[in-house]
4 protein chains.
Amino acid sequence: MVGAQARASSSLRRAAARAFSSSTSPFFRGIHVFKCPDVVGIVAKLSECIASKGGNIHCVDVFVPENKQIFYSRSEFSFDPSRWPRDVLESDFQRLAKHFSAERSTVRVPDLDPRYKIAVLASKQDHCLVDLLHRWQDQRLPVDINCIISNHPRAPNTHVIRFLERHGIPFHCLPTAPGKKGEEEILKLVEDTDFLVLARYMQILSGGFLQAYGKDIINIHHGLLPSFKGGNPSRQAFEAGVKLIGATSHFVTEELDAGPIIEQMVERVSHKDNLTSFVMKSENLEKQCLSQAIKSYCELRVLPYESRKTVVF
Amino acid sequence: MVGAQARASSSLRRAAARAFSSSTSPFFRGIHVFKCPDVVGIVAKLSECIASKGGNIHCVDVFVPENKQIFYSRSEFSFDPSRWPRDVLESDFQRLAKHFSAERSTVRVPDLDPRYKIAVLASKQDHCLVDLLHRWQDQRLPVDINCIISNHPRAPNTHVIRFLERHGIPFHCLPTAPGKKGEEEILKLVEDTDFLVLARYMQILSGGFLQAYGKDIINIHHGLLPSFKGGNPSRQAFEAGVKLIGATSHFVTEELDAGPIIEQMVERVSHKDNLTSFVMKSENLEKQCLSQAIKSYCELRVLPYESRKTVVF
Amino acid sequence: MVGAQARASSSLRRAAARAFSSSTSPFFRGIHVFKCPDVVGIVAKLSECIASKGGNIHCVDVFVPENKQIFYSRSEFSFDPSRWPRDVLESDFQRLAKHFSAERSTVRVPDLDPRYKIAVLASKQDHCLVDLLHRWQDQRLPVDINCIISNHPRAPNTHVIRFLERHGIPFHCLPTAPGKKGEEEILKLVEDTDFLVLARYMQILSGGFLQAYGKDIINIHHGLLPSFKGGNPSRQAFEAGVKLIGATSHFVTEELDAGPIIEQMVERVSHKDNLTSFVMKSENLEKQCLSQAIKSYCELRVLPYESRKTVVF
Amino acid sequence: MVGAQARASSSLRRAAARAFSSSTSPFFRGIHVFKCPDVVGIVAKLSECIASKGGNIHCVDVFVPENKQIFYSRSEFSFDPSRWPRDVLESDFQRLAKHFSAERSTVRVPDLDPRYKIAVLASKQDHCLVDLLHRWQDQRLPVDINCIISNHPRAPNTHVIRFLERHGIPFHCLPTAPGKKGEEEILKLVEDTDFLVLARYMQILSGGFLQAYGKDIINIHHGLLPSFKGGNPSRQAFEAGVKLIGATSHFVTEELDAGPIIEQMVERVSHKDNLTSFVMKSENLEKQCLSQAIKSYCELRVLPYESRKTVVF
């Protein structure tokens, strides 16, 4: 595994560095997100901090929800690590966070920092899982995959199992039963992850699990939320005679399929489509919608706000 | 009015004829839709009938819902009216309808037949109404507009009223009150129409009215049905934190916002959008979605089937 | 005219103010664009300037072309005009412009500043012109229209002429002839405008005219530049058997159809489309593409860079 | 190989049969395309032929190019093979072909007929090749892959080579050199194929090769033809400052990048994109555009007409 992921990871960084240096030579790219009470002059202080270390701002996105006094920002900048070492950069932003009593202040330097570690939970259907693995293999998903967990077994010769073996990614099968959701085992397995991805995982995670894990969980729902919550949304959509079907990636909360929406995608359907083609078109949307959400999340573009909304910078 | 609409109408036909003759010279275009119990050989008989009169088929779309024995078809063909007079064409298809005990058999020859007559019902908001009028004026909507009915008055100098006066289209204001929906007056005013268009008409038409009118009624809903039924769907969508908003044109049935869907359109929204911009984006969708539905309907492309679905050929 | 445009203008501002104040109460919205040699700390200084007057930054977009040392930015902020008067705001940014020896520094306060004044040049075809007029009437285009100029006459009872009369917008017909392009007359008529819009104007403006006018000119081309330059792009596309047709709005330069592209839009075509429907689909794209370009331009989102490119923030 | 492809193939058929039988129980699906001089009554005869054997027509698409007397059609129908055996079906349509002196008449019964055999030619870049292989593995591409041919070597441990080994698909490396295009070797290797796919194959196939092979060749071009022909279209587009980039799949003819277009797709680009991201976005389009063209081709939806156009039913 080390081999495989190291290879992927290093060449990804080369790619990133290359892509980026193409715009500003020896520099590295930094991303900073910030959430604090809204007062005047936050952007001024942030950009002054970056400039004072010779950093160059590429964009600053700011969002202040209507009639709320909360400030959200995302800044992208380039800097010379020899002039602004990673740890100094960290402490400089910490100082600002303190000064503005920020609720959140996160920095990432994709070319330097370790990639996010995730675990993927799936059930019987493989299409989202396989798609994630292929994108990860093509170095389109900047994550390390700690393990795959499913409540359904896979035959040893299936594509997924063979793929995981080749790349040294552990596969854990934790069958569920009434009263036995195996959440404790899952918790142990995902302890070391940065966030979780539910790739068509058909179990409802308990509030206890969500609290115990305490980090973000991204789910893909094969319907255009808030319509078609719960089971078999494709059939629900088919019977409603809709002309557009969709998929929704969102954060997991205790309330089923009601967490903050990150991304939604749609495709046309017509009277020529039957339930089978509804499902096929939906699967295609789910793959894109889920990987898009993961990408945006890793780029620090996604910030939940209020109970049910997200900022997607 | 005569003047205005005659002008529109005749030049529309010239346009139609021109557009069409450009593909097959002196011929006219015929459209035929058919609904009957599914048996073998229907298309064969239909096309044989057209061919026997020197007609040339351009396309035949057939639809048989899964596990139902109902046949739907739409044929487009060109024919020489001197060789196949309009009335003979009619009776030829009638004979086939009888032979297949068809539930429906409709022919239209847009270059010859009178245009559909409609009435448009609106309430306070004008954007859909104004858009329909402009498209009608630009000869993009192949209908004659008998009258506009609203339950809200308009000041004499408003764009709508001045437009209607210029084009001789009557405007009827029928204010509603608790227990007084003015449906009898409406019925009288729309007696002579082929179908009705609800352009953001905020009253619920009673089952009695629907039965008494007995023809199709097309409504635009400013939400992506089946989500966000009823009042203020834009606010509902805004509060749900969706990333896509939509509009839905559908046939009116007794159950609110649950009639067969004809067309749906969506647009992206983001955290930057506030309720005001949700509404503006929605209005833009409503206009396109409603006029698209009317166009398809006039081209005999829209056939309702089962209780909640439509074929849109 | 005064009446009409004043009405449009004032209610537009009310709308703007309303839309905006909904996010930050009594404040007005300011837009600032900046172009100068790239050095460290520009954003810091800009935001510090805004913050020092109690202004609140909503977004800052920055762009530095690869391997060029030129800095482009666009900032949106809200401010209290009682605390930061319009003229002080102007001079504050002037000082910064001087300090960074900026090539360009423009401020706009849509709720306070006079709207941009434009003239529209057209030839025989009216679809783009009519669409602009309707959008202007619906207060979707934040401009004042000084006059319409065409090298083709219009009959007095045409929709366009009647519309212009109702709204008091002068129409000037300047027929062209070999060796007589009437550019001097045009120059006089557009002297007082902020920029020009060519709404399917089929004459090539001379380099002399461009120099003499000296301000921006936005053109709509009914093809997907750089393909299908020059005459009859729809026929060119039709004969090339493309599956997508497009429209392009761009700045006018001396080289025909080679100016910096602002916006492009496409639509699917198929073997079923004939030249007539190519043209109809194209006209629909041209309208959206041209008005989108004008809107972005008025919002200070469009900055040309290098010889053939644009930043569209 | 046999194993792998047999598995893919049989389960694909089960899928197809399932998907289809879901609409009309024990029946199989037939597809028929026809090209002949346009006369009255062709559709009548075709549908009569199908009906006479108890076949049920699902759709008939007809196309007659303007001012040409050529008739193209594609029919989809279901039939009971016990009542209408495959070989009788064949000869029945042959009889019609003769009767209408058809230039082309092809039948396919996807659930019965062997899948199309293809060879894929590639050069250095793998993205289109890898995508085809993954889609084939996921049973989204109804073809058998005879072999992969490249003019560039691959290291043994690359994803492609390992994939091909696992699935028993031969890989042939035929390096080219000035005056040595290895077309004879290629011809031998592809002798047994039904059509060829050029997945970013950077060699120009000679007219001699095209004639000798004599079957269809589908190419993907990473630009929106007819613009950006030839080398490095992404750079051409980048320097032209376009706001939309595209990909084009087309048939190969002797004239470079000028064969009939099958499918085109576009994506937005902005000033934020550099050449690297232009290429990444383009690669994503190329994959979808090429596989879509292959799918349509296998479904008998694609018919070239005139010198540069295609019907895509």
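Residue positions are given per chain, counting from 1 as you read along its sequence in written order. The naming scheme follows written order: chains are lettered A onward, ligands numbered 1 onward. The predicted origin of the model limits local features to residues at a pLDDT of at least 70 and limits the giving and counting of side-chain atom pairs to 80 or more, whereas totals for whole chains, interfaces and linings rest on all residues. Neither water nor hydrogens contribute to the side-chain values; these are computed over all heavy atoms in the structure.

Would you mind going over the overall build of chain A in detail, with residue names and values included?
Secondary structure elements follow DSSP: runs of H or I no shorter than four residues count as helices, runs of E no shorter than two count as strands, and numbering proceeds from the N terminus. Per the secondary structure count, chain A includes nine helices and 13 strands. Our radius of gyration looks at C-alpha atoms and nothing else; its globule reference is 2.2 Å times the residue count to the power 0.38. Computed over the C-alpha atoms, the radius of gyration of chain A is 21 Å, within 12% of the 20 Å expected from 2.2 N^0.38 for a compact globule of 313 residues. Considering only C-alpha atoms, chain A reaches an extent of 60 × 50 × 40 Å along its principal axes. Residue burial is assigned from relative accessible area. The probe radius is 1.4 Å, only protein chains are included, and a residue is buried under 20% of its type maximum, exposed over 50%, and partly exposed in between. When the 313 residues of chain A are sorted by exposure, 57% land in the buried category. Only heavy atoms enter the contact rule, under which two residues are in contact if any of them lie within 4.5 Å. Sequence separation of at least 24 residues holds for 68% of the intrachain contacts in chain A that already meet a minimum separation of 6. Here the Shrake-Rupley method, with its probe set to 1.4 Å, supplies the accessible areas, and only the displayed protein chains count as covering residues. Split by element, the accessible area of chain A, about 12,300 Å² in all, is 54% carbon and sulfur. Under the counting rule used here, the positive set is Lys and Arg, the negative set is Asp and Glu, and His together with the chain ends is not counted. In plain terms, the charge of a residue is placed at NZ if it is Lys, CZ if Arg, CG if Asp and CD if Glu. Of the side-chain charges in chain A, 40 are positive and 35 negative, and the distance between the mean point of each set is 4 Å.

Any chance you could break down the interface of chain B and chain A for me, citing the residues and the numbers?
Contact with chain B, which involves 33 residues of that partner, is made by 33 residues of chain A. Between chain B and chain A, the buried area comes to about 2,600 Å², and carbon and sulfur atoms account for 56% of it. We define buried area as the total accessible area lost by two parts upon association, computed with a 1.4 Å probe and summed across both. Looking at the side of chain B facing chain A, the largest losses of area belong to K243, H271 and K309 of chain B, adding up to 25% of the total buried there. Salt bridges are defined by distance alone: a side-chain nitrogen of Lys or Arg within 4 Å of a carboxyl oxygen of Asp or Glu. Here chain B and chain A share two salt bridges between them.

Can you explain helix α8 (residues 233-240) of chain B? Please cite residues and give values.
Among all positions in α8 of chain B, only P233, S234, A237, F238 and A240 of chain B are buried. Viewed along the axis of α8 of chain B, the buried residues span an arc of 165 degrees, placing them on a single side of the element. For α8 of chain B, the secondary structure elements touched by its buried residues are β11 (261-268) and β13 (309-312) of chain A together with β9 (217-221), β10 (244-251) and α9 (275-298) of chain B. The positive-phi residue at the C-terminal boundary of α8 of chain B is G241 of chain B, with phi of around 65 degrees. Working definition: the arc comes from the directions between the helix axis and the C-beta atoms, pointing outward to the latter.

Got a sec to walk through the relation of the copies chain B and chain A? Specific residues and values, please.
The copies were overlaid by least squares, fitting only the C-alpha atoms of residues that reach a pLDDT of 70 or more in each copy. Superposition record for chain B on chain A: RMSD 0.0 Å, screw rotation 180 degrees, translation along axis 0.0 Å. The relationship between the two copies is best expressed as a two-fold rotation axis. The rotation axis passes nearest to the C-alpha of S227 of chain B in chain B, at a distance of 2.6 Å. Here 100% of the contact residues of chain B are again contact residues in chain A; the copies associate through an equivalent surface.

Quick one: what's the story with the interface of chain A and chain C, residue by residue and with numbers?
On the chain C side, the residues contacting the 22 residues of chain A number 22 residues. Summing the contributions of chain A and of chain C, the shared interface buries around 1,700 Å²; its carbon and sulfur component is 53%. Here chain A and chain C share zero salt bridges between them. Any pair of nitrogen or oxygen atoms within 3.5 Å is treated as a polar contact; in protein, a donor-acceptor pairing is required on top of that, and neighbouring residues in sequence qualify only through side-chain atoms on both sides. Applying the counting rule to chain A against chain C returns two residue pairs in polar contact (both at pLDDT 80 or more).

Please set out the sheet that holds strand β7 (residues 171-173) of chain A residue by residue, giving values where relevant.
Two modes of strand pairing occur in sheets, parallel and antiparallel, and in both the strands are linked by backbone hydrogen bonds. All names here are of chain A. Judged by pairing direction, the sheet is mixed, and its seven strands sit side by side in the order β7-β6-β5-β8-β9-β10-β11 without closing on themselves. Each edge of the sheet is formed by a strand with only one pairing partner; in this case those strands are β7 and β11. On average, each strand axis in the sheet is tilted by 20 degrees relative to the strand beside it, whichever way the strands run. A fitted line through C-alpha atoms represents every axis, and for helices the fit uses only the stretch in contact; the resulting angles, taken between N-to-C directions, go from 0 to 180 degrees. Along the sheet, helix α4 (residues 127-137) makes contact with β5 (116-122), β6 (143-150), β8 (195-198) and β9 (217-221), crossing β6 at roughly 160 degrees. Only strands that DSSP links by at least two bridges are regarded as paired with each other.

Could you give me a rundown of the nonpolar core, with the residues and numbers involved?
Residues and elements named next belong to chain C. The term nonpolar core refers to a set of buried residues drawn from Ala, Val, Leu, Ile, Met, Phe, Trp, Tyr and Cys, joined through side-chain atoms within 4.5 Å. One finds L133, V143, F195, V242, L290 and I294 to be the most contacted residues of the largest nonpolar core, which totals 55 residues. For this core, the element with the highest residue contribution is helix α9 (residues 275-298), accounting for nine residues. Beyond its immediate sequence surroundings of up to four residues, V143 is in contact with R115, Y116, I118, W136, F195, I294 and C298.

How would you explain the packing of aromatic side chains if you had to name every residue and give the values?
We describe a pair of aromatic rings using the distance from one ring centre to the other and the angle between the two ring planes. By convention, a stacked pair of Phe, Tyr or Trp rings (six-membered ring in the case of Trp) has centres within 6.5 Å and planes under 30 degrees apart, an edge-to-face pair has planes over 60 apart, and any other such pair is tilted. Applying the stated criterion to the full structure yields 64 aromatic pairs over all chains. Ring geometry for F34 of chain A and F100 of chain A: centres 6.2 Å apart, planes at 85 degrees, overall edge-to-face. Placement of the pair is F34 of chain A in strand β1 (residues 28-37) and F100 of chain A in the loop between α3 (86-99) and β4 (104-108), with a sequence separation of 66 residues. Judged by its relative accessible area of 0%, F34 of chain A falls in the buried class. Their ring planes at 35 degrees and their centres at 5.9 Å tell us that W84 of chain B and F93 of chain B sit as a pair that is tilted. With respect to burial, W84 of chain B and F93 of chain B carry one shared label: buried. Through a chain of ring-to-ring contacts, the aromatic side chains of F77, F79, W84 and F93 of chain A assemble into a single cluster. We note R108 of chain C situated over the ring of Y116 of chain C; from NZ or CZ to the ring centre the distance is 4.0 Å. By definition here, charges over rings are those cases where NZ of Lys or CZ of Arg is within 6 Å of the ring centre and within 35 degrees of the ring normal.

Lay out the UniProt feature "domain: Formyl transferase N-terminal" (unreviewed entry) in chain A with the relevant residues and their values.
Sequence positions flagged by UniProt for "domain: Formyl transferase N-terminal" (unreviewed entry) are, in local numbering, residues 117-294 of chain A. Taken end to end, residues 117-294 of chain A is 35% helix and 24% strand, and its first and last C-alpha atoms sit 12 Å apart. UniProt positions are given in the numbering used here, feature names are shortened, and annotations may be inferred rather than shown by experiment.

Requested: an account of the relation of the copies chain A and chain C, with residues and values cited.
Placing chain A over chain C gives an RMSD of 0.0 Å and needs a rotation angle of 180 degrees, together with 0.0 Å of translation along the axis. When the interface residues of chain A are mapped onto chain C, 100% of them are again interface residues, pointing to one common binding face.

Could you give an account of the pairing of strand β8 (residues 195-198) of chain C, naming the residues involved and the relevant values?
Residue and element names in this part refer to chain C. The alternating pattern of β8 places F195 and V197 and L196 and L198 on opposite faces, both of which are buried. One ladder, built from four bridges, connects strand β5 (residues 116-122) with β8; its direction is parallel. Bridge pairing links V120 to V197 in β8. In this structure, β8 lies alongside strand β9 (residues 217-221), joined through three bridges in parallel fashion. From the neighbouring strand, V197 faces β9, where its bridge partner is I218. By definition, the crossover connecting two strands over a helix is right-handed if that path, from the first strand to the second, turns clockwise as seen with the strands pointing away from the viewer. Each parallel crossover has a hand, and for β8 linked through helix α7 (residues 207-213) to β9 it is right-handed.

Can you break down the environment of L256 of chain C residue by residue, with the values?
All names here are of chain C. Tracing the chain through its elements places L256 in the loop between β10 (244-251) and β11 (261-268). What makes L256 partly exposed here is its relative accessible area of 41%. A sequence separation of 141 residues divides L256 from R115, and the C-alpha atoms of the two residues are 30 Å apart. Excluding its chain neighbours within four sequence positions, the residues that come into contact with L256 are I204, K229 and G230.

Give a description of the packing of helix α4 (residues 127-137) of chain B against helix α5 (residues 159-167) of chain B that names residues and reports values.
Residues and elements named next belong to chain B. In the contact formed by α4 and α5, the axes pass within 11 Å of each other and the chain directions differ by 30 degrees. Overall, the two elements α4 and α5 adopt an arrangement that is roughly parallel. Crossing hand, α4 versus α5: left-handed. Facing L129, V130, L133, H134, W136 and Q137 of α4, the residues of α5 in contact are H159, V160, F163, L164 and H167. Polar here means any residue outside two lists: the nonpolar Ala, Val, Leu, Ile, Met, Phe, Trp, Tyr, Cys and Pro, and the charged Asp, Glu, Lys and Arg; Gly therefore counts as polar. Looking at the contact of α4 with α5 residue by residue, the class counts come to seven nonpolar, four polar and no charged. Relative orientations are named as follows: roughly parallel for angles under 35 degrees, roughly antiparallel for angles over 145 degrees, roughly perpendicular for angles from 65 to 115 degrees, and oblique for any other angle. Crossings are sorted by hand: turned counterclockwise from the far helix by less than a right angle, the near helix makes the crossing left-handed, and turned clockwise it makes it right-handed.

Describe the environment of L187 of chain B, listing the residues and the values that go with them.
Residues and elements named next belong to chain B. In this fold, L187 is placed in helix α6 (residues 183-190). L187 sits 22 residues away from F209 along the chain, and the two C-alpha atoms are 7.5 Å apart. Apart from the residues within four sequence positions on either side, L187 is in contact with F209, A212 and Y213.

Tell me about the environment of R154 of chain C, and please be specific about residues and values.
Residue and element names in this part refer to chain C. For R154, the location among the structural elements is in the loop between β6 (143-150) and α5 (159-167). Along the backbone, R154 and D111 are 43 residues apart, and their C-alpha atoms lie at a distance of 36 Å. Other than its neighbours up to four places away in sequence, R154 contacts A122, S123, K124, Q125, D126, L129, I161 and F171. A distance of 3.2 Å separates polar atoms of two side chains, one belonging to R154 and the other to S150.

Go over the side chain of S227 of chain B with me, naming the residues and quoting the values.
By the element assignment, S227 of chain B lies in the loop between β9 and α8. A distance of 2.8 Å separates a polar atom in the side chain of S227 of chain B from the backbone oxygen of L224 of chain B.

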